[in-house]
Each structure stands twice: as C-alpha cells, then as structure tokens.
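As a plain string of letters, each chain reads:
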Amino acid sequence: MNILGEKHNQKKFSRENLIILDKNVAEFSVERLQNCSIFEAFKIFRYKMKYGADFYHLYWHSVLKRSPKYLQKIVIHNRWKSYVLIENLIADYLMQKEIKFSDEWIYVGWHDWSGYRIIVGCGPAIVLSRFIPKNIVQELENTKRYLKRLRINFPKIFSSIEEIEDTKLITIDNLLNFAEQNNSMEPIFQKKHNLLRYFLWIIVFILTSLVIHNFYEIYNQNYHPKNLNNKIKTENFSIYMSSKNYDPLMSFLTNLNDNLNWNKISKFCEQNDIKIQAMKLDHNFAKIKTELSLKKIKELSNIKIDYATNSSYEKLGSDQIVEAVLWLELN
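In this text the structure is predicted, and so the values were computed from the model without any measurement. (Residues numbered from 1 in each chain as written. Predicted model: local features only at pLDDT ≥ 70, side-chain atom pairs only at ≥ 80, totals over all residues. Heavy atoms only, no water.)

Draft legend 1. Highlighting the overall build of the chain. Along its length, the chain carries nine helices and 18 strands. Counting the 331 residues in the chain, one finds 40% classified as buried. Long-range pairs, those at least 24 residues apart, make up 57% of the contacts in the chain between residues at least 6 apart in sequence. A total of about 20800 Å² of accessible surface is found on the chain, and carbon and sulfur atoms cover 50% of it. (Helix = DSSP H or I, 4+ residues; strand = E, 2+ residues; numbered from the N terminus. Buried < 20%, exposed > 50% of the residue type's maximum accessible area, 1.4 Å probe, protein only. Contact = heavy atoms within 4.5 Å. Areas by Shrake-Rupley, 256 points an atom, 1.4 Å probe, with all protein chains shown as cover.)

Draft legend 2. Region of interest: the sheet that holds strand S11 (residues 156-159). Across the sheet, which stays open at both edges, the five strands sit in the order S10-S9-S8-S11-S12 with mixed pairing between neighbours. Edge strands, defined here as strands with exactly one partner in the open sheet, are strand S10 (125-132) and strand S12 (168-169). Its contacts with the sheet place helix H2 (residues 86-97) against strand S8 (104-111), strand S9 (115-122), S10 and S11, and it is angled at close to 125 degrees to S8. Helix H3 (residues 136-147) contacts S8, S9, S10 and S11 of the sheet and is inclined by roughly 20 degrees relative to S9. (Pairing = 2+ DSSP bridges. Axes fitted to C-alpha atoms, helices over the stretch in contact; angles between N-to-C directions.)

Draft legend 3. Examining the pattern of salt bridges more closely. Under the criterion given, the structure shown has 13 salt bridges. Measuring nitrogen to oxygen at the nearest pair gives 2.7 Å for the salt bridge that ties Lys168 to Glu98. Residue Lys168 is found in strand S12, and its partner Glu98 is found in the loop between H2 and S8; the two are separated by 70 residues along the sequence. Residue Glu98 is classed as partly exposed on the basis of its relative accessible area of 24%. Where Arg130 meets Glu139, a salt bridge forms, and the shortest distance between an N and an O atom there is 3.0 Å. Members of the salt-bridge network, linked through shared partners, are Asp22, Glu87 and Arg117. (Salt bridge = Lys/Arg side-chain N within 4 Å of Asp/Glu carboxyl O.)

Draft legend 4. Main features of the sheet that holds strand S2 (residues 9-11). As summarised here, the arrangement of the four strands in space is S2-S1-S3-S7, forming an open sheet in which the pairing is mixed. Every other strand in the sheet has two partners, leaving S2 and strand S7 (84-85) as the edge strands with one partner each. With four bridges connecting them, strand S1 (residues 2-5) and strand S3 (residues 19-22) associate as parallel partners. The partner of Leu4 across the bridge, within S3, is Leu21.

Okay, here's the thing in structure tokens:
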C-alpha cells in the first residue's frame, strides 16, 4: 500500500494495487436531501451530474422518506481521481466500526506523511477536510463552532492523538489495516450507482409485501369468519365465507351467476318476505329452506312446499310457524 502524503510519501504493508491519497488537493461539501424519496433523490443526482462540472455521489440508506440522503460533491483535478482518498477511507472505517448512517462525526489526527488533519462527515459523506499547521486543540474548538452554522451540533469525535481529551482513540494502524484487508475498497470516482440492483430490490420488496398481505387475509378468514369483509349480505339472505367453505361456496355462487333466473329467486323472496336459511339448486328447481306461517303457506299454494305441522293448530285456527322447503321452478 502506497500513501501519497502532503509532506512526503510512505509505503505500508504489502498490497501494491492500493494507493491512498492524503494531500490537500480536494474540496468537499454535502447537500442533505430532506423529506425526499429515493426517486426524487436520484432525479437531483442525475441533474447535478448532467449540468455540474464537478464530481457528485449519492449516499442513501433506505427507501423511506424519513431516512437521510446525502449528495456528496468533490472538487478535484482528474490526475488524482485514480486514488483512494483518505477521507473516504476514514468514513468507511467509521461506518463499519463506530457510527450509524445518520451520525455526524469529526476525526482529528496526526499523520507522519501529512501532519495534523481535521475531517468532518455525516455518515459516509465528507463535509469538510482541513490541514492544520499547529495548535490542533484550538482548531478543533474553532471547527466545532463553525459546524453549528451547518447545523452539526453534537458530532461524535474520534482521534489518533492520545493527548486530545473526550475523543475515542483510533490508531493510524487500525485505519491502514482496514484498507489493506478490504479488497472491495476503490476510489470513489470509480464507484457506480447500481440502479438495476436497486430496482430489483424494490420489486422483491413489493412481492414480499403482497405475500404477507395474502397470508394476513387467509389468517383473517380462518379465525374471523364473521368479519364483515368476508360477508355477502342482501335483504333476503347472508353468506359467511371462510377457507373451510370456500370451494363449495364458490361453486354455488358460480351456479347462481350462470343461472339466468337468479333474479327470479331474488324477486320471489322479496315479494313474499321470505328470509332464506339455506338453498340448493337441483336441476330446474331452487329448493329454499325458510320458516313460514301456515297462513303464508296457503297463500303460496301455486308452488310445491314441504313442511310438517301439528294438526291441532289447524283445527283451532292458530297460525303456526313451521320450517318449510319451497320448490321454486326456475324455467
């Protein structure tokens, strides 16, 4: 691993294909995209890439609108774009070891090949990077005050300098070992947004949601059969649908739908105030089970009716309510 420093260059470890750039040659800034969907964020990113002369990179963590998204801007000459910036190395290390995507942070360090450094970031994005000639403690306090203008009020602070108080120690060797062992590390200028992978993830998310929704509906049918969503009701009859009666019920409803005289059944029940308890389609007849008074049965003498009664009621002239099966001819 070769390190190109501000003061001199240095070689560490054995990885020859990795070059770390720690020079004062880049300017960083970050735009936070608030209350913005990932689709809108990509539109902004594409606009910047199309009409901006500088390099931009979009960092995003979730499809939710509330999740932060960072639009990174880096101003740097093309001759340096084939190297890994130490600012990105530090951000990647902190993201994997110390911070969350939405955390704000400050890194304060002493590098043998470049001197004092202060680097500020939001998650994986770099807000600013400064080289400090001396008095690093005072410059750290000045940086904190400046960051309040950027609405960075409570950053987590990390340092490679043991003498600085109230910071978490991170050694240079830890950073470089991380880079040495991370085979996927590459210059940020060579990274491409894999839009295809993102849209495939969206499709998987939608399909998973549909499967969960269907399981939820089946659960409701099994354990809540009287839920109004599973109830078919008219003035004359009602049907409760569940997973247990689904097949025969669908067959029955299909027969009703195919029967051109279904309106005849509905009209007959409505005209005679008949409440259907059960019904069976048998050839050219609809057998309707209901409860009727003897008086009503006599009024319906034009159709076949099966019923049983106590003859004493008829002798006394009482109007008995009986269970009856009406044979309604459909042709």
